[in-house]
Amino acid sequence: MENEQIDAMSKLLKSMSHPIRLKILCLLQDNEMSVGDIREEVKTTNANVSQHLNILRSQGIIDYRKDANFIYNRIQDPRIIELMGKMQALFCPSMK
């Protein structure tokens, strides 16, 4: 592996490694969710959820769409969905 690839992977994994961001990614594996729905699931404030979503967006991990007054988030890179599935299989085998 080249240093550039290692640096890119390190940056990606660092942005995913926060517990709230990991939970958000777990929630978004199967479908898109609004900020409000995510907030209810992770039990934190809208501002905190928005900060975490912005970090994931800045890394190209998630994307969003607007529908009226709602913003729906989804994982945009299928490799992230695959990675989340593998991590769940390794660390949470009872979940899948």
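Residues numbered from 1 in each chain as written. Predicted model: local features only at pLDDT ≥ 70, side-chain atom pairs only at ≥ 80, totals over all residues. Heavy atoms only, no water.

A closer look at the overall build of the protein
On a plain count of helices and strands, the protein comes out with 5 helices and 3 strands. In terms of C-alpha radius of gyration, the protein reaches 14 Å, essentially the compact-globule figure of 12 Å for 96 residues. Across the 96 residues that make up the protein, the buried fraction comes to 29%. Across the protein, contacts joining residues at least 24 apart in sequence account for 50% of those joining residues at least 6 apart. Total accessible area computed for the protein in this model is approximately 6500 Å², and 53% of it derives from carbon and sulfur atoms. Side chains of the protein give 13 positive and 12 negative charges; the mean places of these two sets differ by 5 Å. (Helix = DSSP H or I, 4+ residues; strand = E, 2+ residues; numbered from the N terminus. Rg over C-alpha atoms; globule rule 2.2 N^0.38 Å. Buried < 20%, exposed > 50% of the residue type's maximum accessible area, 1.4 Å probe, protein only. Contact = heavy atoms within 4.5 Å. Areas by Shrake-Rupley, 256 points an atom, 1.4 Å probe, with all protein chains shown as cover. Lys, Arg positive; Asp, Glu negative; His and termini not counted. Charge placed at Lys NZ, Arg CZ, Asp CG, Glu CD.)

Details of the nonpolar core
The biggest cluster of nonpolar side chains holds 18 residues, and the ones touching the most others in it are Ile 24, Leu 25, Ile 38 and Ile 62. Elements supplying a minimum of two residues to this core: helix 2 (19–28), helix 3 (35–42), helix 4 (46–58) and helix 5 (78–91). Considering each element in turn, this core owes the most residues, 5 residues, to helix 2. Ignoring sequence-local partners within four residues, the contact set of Ile 38 consists of Ile 24, Leu 28, Met 33, Val 49, Leu 53 and Asn 73. (Core = buried A, V, L, I, M, F, W, Y, C linked by side-chain atoms within 4.5 Å.)

Things to note about the sheet that holds strand 3 (residues 70–75)
The strands making up a sheet associate through backbone hydrogen bonding, with each pair oriented either parallel or antiparallel. Ordered by their spatial adjacency, 3 strands build an open sheet running 1-3-2, and the pairing between neighbours is antiparallel. Here the strands that pair on one side only, and so sit at the sheet edges, are strand 1 (33–34) and strand 2 (62–67). Where strand 2 and strand 3 come together, 6 bridges link them in antiparallel fashion. Considered in strand 3, the bridge of Asp 63 is made with Arg 74. (Pairing = 2+ DSSP bridges.)

Examining unusual backbone geometry
For Lys 43, which is not glycine, the phi dihedral falls at a positive 55°. One non-glycine residue with positive phi stands out, namely Ala 68, at about 60°. Ala 68 sits in the exposed class, given a relative accessible area of 72%.

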